[in-house]
Amino acid sequence: MAPPMLDFYQIDELLNEEQRLTRKTVRAFVDESIMPIISEAFETGTFPKEIIPQLGKLGLLGASLKGYGCAGVDSITYGLIMQELERADSGIRSFASVQGALVMYPIYAYGSESQKENWLPRMAKGEAIGCFGLTEPEHGSDPGGMKTKAVKDGNEWVLNGSKTWITNGTIADVAVVWAKTEDGIRGFLVEKDTPGFSSAKIDHKASMRASDTAELGFDNCRIPLENLLPESNGLKSPLGCLTQARTGIAWGVLGAAMACLEEAVTYSQNRIQFDKPIASFQLVQAKLAHMSTEITKAQLLCLRLAQLKDSGKMHPAQVSMAKRNNVAIALECARLTRDILGANGITYDYQAIRHMLNLETVYTYEGTNDIHSLILGQALTGIAAFA
Ligand code: TGC
Ligand code: FAD
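In this report, the structure presented in the accompanying data block is examined. Keep in mind that this is a model prediction, so the values were computed, not measured. (Residues numbered from 1 in each chain as written. Chains lettered and ligands numbered in written order. Predicted model: local features only at pLDDT ≥ 70, side-chain atom pairs only at ≥ 80, totals over all residues. Heavy atoms only, no water.)

**What to know about the site of ligand 1**
So, point 1. Taken together, the neighbourhood of ligand 1 is formed by 23 residues, with Ser94, Thr243, Arg246, Glu366 and Gly367 sitting nearest.
So, point 2. A distance of 2.8 Å is found between an oxygen atom of ligand 1 and a side-chain nitrogen or oxygen belonging to Ser94.
So, point 3. In the environment of ligand 1, an oxygen atom lies 2.9 Å from a nitrogen or oxygen atom belonging to the side chain of Glu366.
So, point 4. Taking 1100 Å² as the accessible area of ligand 1 by itself, protein coverage stands at 68%.
So, point 5. Broken down by secondary-structure element, the contributors of at least two residues to the shell around ligand 1 are helix 4 (90–110) and helix 6 (236–270). (Near = heavy atom within 4 Å. Polar contact = N/O pair within 3.5 Å; in protein donor to acceptor, adjacent residues only side chain to side chain. Areas by Shrake-Rupley, 256 points an atom, 1.4 Å probe, with all protein chains shown as cover. Helix = DSSP H or I, 4+ residues; strand = E, 2+ residues; numbered from the N terminus.)

**Observations regarding the site of ligand 2**
So, point 1. If you check the shell around ligand 2, you find 17 residues, and the closest are Thr135, Ser141, Trp165, Thr368 and Phe386.
So, point 2. Within the side chain of Thr135, one N or O atom sits 2.7 Å away from a nitrogen atom of ligand 2.
So, point 3. Trp165 is positioned with one of its backbone polar atoms (N or O) 2.7 Å from a nitrogen atom of ligand 2.
So, point 4. Burial of ligand 2 by the protein chains amounts to 67% of its free accessible area of 970 Å².
So, point 5. Breaking the shell around ligand 2 down by element, the ones donating at least two residues are strand 5 (156–167), helix 9 (352–364) and helix 10 (369–381).
So, point 6. Looking at the shell around ligand 2 residue by residue, the class counts come to 8 nonpolar, 7 polar and 2 charged. (Nonpolar A, V, L, I, M, F, W, Y, C, P; charged D, E, K, R; others polar.)

**Concerning the environment of Phe218**
So, point 1. Following the sequence through the fold, Phe218 ends up in strand 9 (residues 213–224).
So, point 2. The buried category is assigned to Phe218, whose relative accessible area is 4%.
So, point 3. Along the sequence, Phe218 and Lys149 sit 69 residues apart, while their C-alpha atoms lie 9.3 Å from each other.
So, point 4. Setting aside chain neighbours within four positions, we find Phe218 in contact with Thr148, Leu159, Asn160, Gly161, Ser162, Lys163, Val177, Val190, Gly196 and Phe197. (Buried < 20%, exposed > 50% of the residue type's maximum accessible area, 1.4 Å probe, protein only. Contact = heavy atoms within 4.5 Å.)

**Focus: the side chain of Glu84**
So, point 1. Along the polypeptide, Glu84 turns up in helix 3 (residues 75–88).
So, point 2. Residue classification places Glu84 among the buried residues on the basis of a relative accessible area of 0%.
So, point 3. Polar contacts involving the side chain of Glu84 include one to the side chain of Gln83, which spans 3.1 Å.

**Brief notes about the packing of aromatic side chains**
So, point 1. Applying the stated criterion to the full structure yields 10 aromatic pairs.
So, point 2. Look at Tyr105 and Tyr110: their rings are 6.2 Å apart centre to centre, the planes differ by 80°, and that puts the pair in the edge-to-face class. Of the two residues, Tyr105 and Tyr110, both sit in the buried class.
So, point 3. Measuring from centroid to centroid gives 6.3 Å for Phe274 and Phe281, while their planes differ by 80°, and the two rings are edge-to-face.
So, point 4. Given the relative accessible area of 71%, Phe274 is considered exposed.
So, point 5. Judged by relative accessible area, Phe281 falls into the partly exposed class, the value being 26%.
So, point 6. Grouped by ring-pair contacts, the aromatic residues Tyr105, Tyr110, Phe132 and Trp178 constitute a single cluster.
So, point 7. Across the ring face of Trp119, the terminal group of Arg122 is positioned such that the distance to the ring centre comes to 4.6 Å. (Phe/Tyr/Trp six-rings, centres within 6.5 Å; stacked < 30°, edge-to-face > 60°. Lys NZ or Arg CZ within 6 Å of the ring centre and 35° of its normal.)

Keep in mind these values describe shape, not function.
Pasting the structure below:
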């Protein structure tokens, strides 16, 4: 018998019982609660907020953190959660990535004990939502050039500036905002409804339509001194959060790629042209073989990355390799599936074009493909070629 389509190298045998069980639970939840609504959410440009309590109940938010009501799962389990969520849609995985890796993680890693106790248990349950503001209109790939400033005034910090392309921006109860101070870049917790803080939805997106994306503004926005993340210290603090999120993305995009491969195989077996299923043509089989091979290689990268992470040996450049490779191959799988589906591939009746459009964003956010090439180039040569 041939190896299973989505597990060609029988990587399942390397997973433990808990990892397999978590994947099964998340897969069932995605099939039952997200698949039936995701296409319409994408078409109408709406993030399906109704799934948040279920994500919390299943322990999928901040799942890799320990204590404070978080599940404390290992990195393979965390990756499998991201994979299953992105099998539905990159926007759903983005919601969970931002909440866990970009908001709960910095509070966990750089926050005070009272900040952790105040936010983490509620965020793990999905009762409070967060967003992460690093990118600015004039500073995307080079966040170190940010203009947003925080100045101490009496017992308050005063924030001025703006952030853009912020996932969860209009639905967040709290924003983790990175700003320049006289001591360098620091992280701040800005709560919604703080005077001087505004968020506005970014419309007209052709990608990530089932995700909430916003611009944030800070106009003499005053927050208490205790809203500084006390252990944040320079650009390495937000970049440390990105390392967490990028590992989840490397796993997550495999979910989208696997959904596409499955769709391409099923469609090609059933679509008849020239009196034969198109799956019988060598050119179609070559495309399927390429997708399957690239997915299998990407699965192996993820597995080893998670092992390195859990053993404390993971280097950010290894994360860059997995993010860069896996997003690129997932995007290629989505495009090939769209091609195999012919004209039907341009409709939302199938998943391929939705994944393809979403993956264009994933190719760009959390470090563009080019930026990850440069991070790898620096690791290999010792020479930074960013500027
Ligand atoms: P550079 O001088 O290289 O580094 C400054 C300091 O940071 C340290 N560092 C890291 N630490 C932890 N993790 C990493 N990945 C790190 N990369 C660098 C570095 O050792 C240094 O430490 P120290 O102690 O010497 O101060 O900084 P640079 O200004 O030259 O920039 C380097 C570059 C270009 C790689 C970096 O700026 C970068 O990664 N740019 C890409 C920006 C990006 O990815 N933005 C993402 C925004 S958030 C987002 O997209 C969320 S999407 C929503 C979702 O996930 O769903
Ligand atoms: P630029 O940095 O202007 O890059 C444009 C092009 O120039 C790219 O091809 C890039 O690779 C290339 N380039 C740039 N510098 C170099 C160089 N040195 N060498 C060679 N080529 C280079 N940000 C957040 O802070 N929080 C979020 O929650 C968040 N969510 C997002 C959600 C969506 C839907 C999107 C689309 C973006 C999101 N982002 C978020 C922003 C994202 O991280 C940035 O878009 C990304 O970092 C790239 O920045 P930029 O768009 O300004 O592109």
